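Residue-level structural notes
Listed here are the chains, written in short residue letters.
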Amino acid sequence: MTTTTTTDPGATDQGATAHGATAHGATDPTGETMERTTAQAPGTARPTAPHAPDAERLRRWRMVLGADSADSTGCTLTGQDAAMDGALNALYGGGAGKKPSGGRGAGGRSAGLGASAPSVARWLGDIRTYFPSSVVQVMQRDAIDRLGLAALLLEPEMLEAVEADVHLVGTLLSLNKAMPETTKETARAVVRKVVEDLEKRLESRTRATLAGALDRSARISRPRHRDIDWNRTIRANLKNYLPVPGPAGAGGAGDPGGAGGTAGRGTIVPERLIGYGRASRSAKKDVILCIDQSGSMAASVVYASVFGAVLASMRTLSTRLVVFDTAVADLTDQLDDPVDVLFGTQLGGGTDINRALAYCQSKITRPADTVVVLISDLYEGGIRDEMLKRVAAMKASGVQFVTLLALSDEGAPAYDHEHAAALGALGAPAFACTPDLFPDVMAAAIEKRPLPIPDKETQQ
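Residues numbered from 1 in each chain as written. Predicted model: local features only at pLDDT ≥ 70, side-chain atom pairs only at ≥ 80, totals over all residues. Heavy atoms only, no water.

Now for the nonpolar core. Inside soluble globular proteins, nonpolar side chains tend to come together where they are buried. Counting residues in hydrophobic clusters, the biggest one holds 79 residues, and the most contacted among them are Trp123, Val373 and Phe438. Among the elements that make up this core, the one with the highest residue count is helix H7 (residues 181-217) (10 residues). Of all hydrophobic cores here, the second largest spans 25 residues; its members include Cys290, Met387, Ala428 and Ala430. (Core = buried A, V, L, I, M, F, W, Y, C linked by side-chain atoms within 4.5 Å. Buried < 20%, exposed > 50% of the residue type's maximum accessible area, 1.4 Å probe, protein only. Helix = DSSP H or I, 4+ residues; strand = E, 2+ residues; numbered from the N terminus.)

See the structure below:
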């Protein structure tokens, strides 16, 4: 952008900044560099109106800076731009009487949404009109955290207006005990919508991945003919290959080029057969999901409940779901409906991992066929040494033990590095896992393969 000038001899540099951008040498939203505004001597003619590209650049700067810091742009917003700016300013605009924030403006934050539920409902409708779903979810989260709107979610009309996502479900679960009866049915409908969307996304791949892993883990050495895994059987018996001799003069083994010969043909003596185990109604593996329900694990609780329901629907798996804080609750009998599981949790409170693992250990009946998945940030409020002894004892008995610091799409979680390192030393590395990776982690644990750890630095 070229340097702009003014006829006012007393004009000064416009030094307003926002979001880390400075007036001199700042990069505008189009990626070009904006120069510092300079004064011009009296009598110099005012330049003509900015060209269209400059006007568009100023409009974008005005949207970025917000109403409190955008006087230097000289740009007035109209129409939809003004409506979008109003929705943003209601949440991020500067004002007095509120604690500072990292949002718009350098001053304090004002609760521009007002205190009334209708005002909030209109604002929720506005942001869904002007912004994509991913942005709406972020703005809703900010409104709940920054403006203290969690209490308004206890009103049915608010729940009908919000964009449902995993984080909103976590907020609703934390408010479950305070939720009036008139709101609970609406809240369950919101939670069910999110859960059903997650099941559609995750179920088919989870079932396919784990079904293959279970089949491979159940291979037997004396299969019936229909249960033989021919590919693996052939590979295992290649050393027993015998060439087939052909008739004299007919291109047998001694006449590889003869007409009607059998050059290159032979037979494999199947000294060892490898096959799949026959399908049966009995479970091939036991899975115990042990979930930390402290407040920081909200998203992980939602995803784990959905996965728990999927695993429970597979007859070749026996799945148990245990949630804990300082107490332990076994929600296995509710696994047919993950919404019931979620409303059976109580987010918040302390953490006693040792107590939860003691309960899980008491439910293990066949260690060599059991996978225990601990989902926790490892901030232990119980007896640390006892917790580590239990993990070591389970692994020594043949249990496959998996520690997930988080089960969510979020970034690197906060966790207790000392406990993570101690578990890693026991052969139970702790790492964060996305929902898309979880089926592969479970498949590796079932087959007793190395776990597909996405970032081994998380073990340190």
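Having seen the structure, we can now continue with the description.
The grouping of Trp230, Ile234 and Leu238 at the surface amounts to a nonpolar patch, some 300 Å² of accessible area in total. Looking at where Trp230 falls in the secondary structure, it is placed in helix H8 (residues 230-236). You can call Trp230 partly exposed: its relative accessible area is 42%. (Patch = residues over 30% accessible without salt bridge, like charges linked within 9 Å, V, L, I, M, F, W, Y side chains within 5 Å. Areas by Shrake-Rupley, 256 points an atom, 1.4 Å probe, with all protein chains shown as cover. Salt bridge = Lys/Arg side-chain N within 4 Å of Asp/Glu carboxyl O.)

Of all 8 residues making up strand S11 (residues 400-407), 7 are buried, and the element is well covered by its neighbours. Taken together, the 5 bridges between strand S10 (residues 370-375) and S11 define a ladder with parallel strand orientation. Bridging across to S11, Leu374 finds its partner in Thr403. One crossover worth recording links S10 to the parallel S11 by way of helix H12 (residues 384-396), and it is right-handed. Bridge count for S11 against strand S12 (residues 430-433) is 4 bridges, and the pairing is parallel. Residue pairing for S12: Ala406 is matched across the bridge by Ala432. Since S11 and S12 lie parallel, the crossover through helix H13 (residues 417-425) that links them has a hand, and here it is right-handed. (Pairing = 2+ DSSP bridges. Right-handed = clockwise from strand over helix to strand, strands pointing away.)

The full count for this structure, using the stated rule, is 12 salt bridges. Here Arg188 makes a salt bridge to Asp340, at a shortest N to O gap of 2.6 Å. Placement of Arg188 in helix H7 and of Asp340 in helix H10 (residues 338-343) is noted, with a sequence separation of 152 residues between them. With a relative accessible area of 23%, Arg188 lands in the partly exposed category. The partner of Asp337 in a salt bridge is Arg192, with the nearest N and O atoms 3.0 Å apart. Here Arg192 lies in helix H7 and Asp337 lies in the loop between strand S9 (328-330) and H10, a separation of 145 residues in the sequence. Classification of Arg192 by relative accessible area gives partly exposed; the value is 31%. Among the ionic contacts, a cluster of salt bridges with common partners joins Arg201, Asp409 and Asp436.

Our next topic: helix H6 (residues 166-174). Of all the 9 residues making up H6, 7 are buried; the element is thus mostly covered by neighbouring parts of the structure. Looking only at H6, the buried set comprises Val166, Leu168, Val169, Gly170, Thr171, Leu172 and Leu173.

Another point: the packing of aromatic side chains. For the coordinates displayed, the defined rule picks out 1 aromatic pair. Both rings, one in Phe307 and one in Phe438, keep their centres 4.5 Å apart while their planes meet at 40°; by these two values the pair is tilted. Note that Phe307 is positioned in helix H9 (residues 298-312) and Phe438 in helix H14 (residues 438-447), a separation of 131 residues in sequence. For Phe438, a relative accessible area of 1% gives the class buried. (Phe/Tyr/Trp six-rings, centres within 6.5 Å; stacked < 30°, edge-to-face > 60°.)

Taken in spatial order, the 6 strands make up an open sheet running S9-S8-S7-S10-S11-S12, and their pairing is mixed. Each edge of the open sheet is held by one strand with a lone partner, namely S9 and S12. Shown here is a sheet whose adjacent strand axes are inclined to one another by a mean of 25°, direction ignored. Along the sheet, H9 contacts strand S7 (285-292), strand S8 (317-324), S10 and S11; its crossing angle with S7, the most-contacted strand, is approximately 165°. (Axes fitted to C-alpha atoms, helices over the stretch in contact; angles between N-to-C directions. Contact = heavy atoms within 4.5 Å.)

The buried fraction of S10 amounts to 6 of the 6 residues, a majority that puts the element mostly inside the structure. Side-chain alternation along S10 places Thr370, Val372 and Leu374 on one buried face and Val371, Val373 and Ile375 on a second face that is also buried. Alignment of S7 against S10, held across 6 bridges, turns out to be parallel. Across the sheet, the residue bridging to Ile291 is Ile375, located in S10.

It is worth spelling out the packing of H6 against H9 at this point. The contact between H6 and H9 brings their axes to 8 Å, and the two run at 105°. The angle between H6 and H9 falls in the class roughly perpendicular. Contact residues: Val166, Val169, Gly170 and Leu173 in H6; Ala298, Ala299, Val302 and Tyr303 in H9. Residues of the contact of H6 with H9, tallied by class, amount to 7 nonpolar, 1 polar and no charged. (Parallel < 35°, antiparallel > 145°, perpendicular 65-115°, else oblique. Nonpolar A, V, L, I, M, F, W, Y, C, P; charged D, E, K, R; others polar.)

Turning our eyes to something else, we now look at a positive patch on the surface. The grouping of Arg232, Arg235, Lys239 and Arg272 at the surface amounts to a positive patch. Its location among the elements puts Arg235 in helix H8. (Lys, Arg positive; Asp, Glu negative; His and termini not counted. Charge placed at Lys NZ, Arg CZ, Asp CG, Glu CD.)

In the predicted model, the chain carries a mean pLDDT of 74, and the fraction of residues at 70 or more is 69%. Predicted confidence for residues 1-48 stays below pLDDT 50, and this span has 71 contacts to residues more than four positions away or in other chains. Here residues 95-111 is modelled with pLDDT under 50, and outside its nearest four sequence neighbours on either side it reaches 41 contacts, counting other chains as well. (pLDDT = per-residue confidence, 0-100.)

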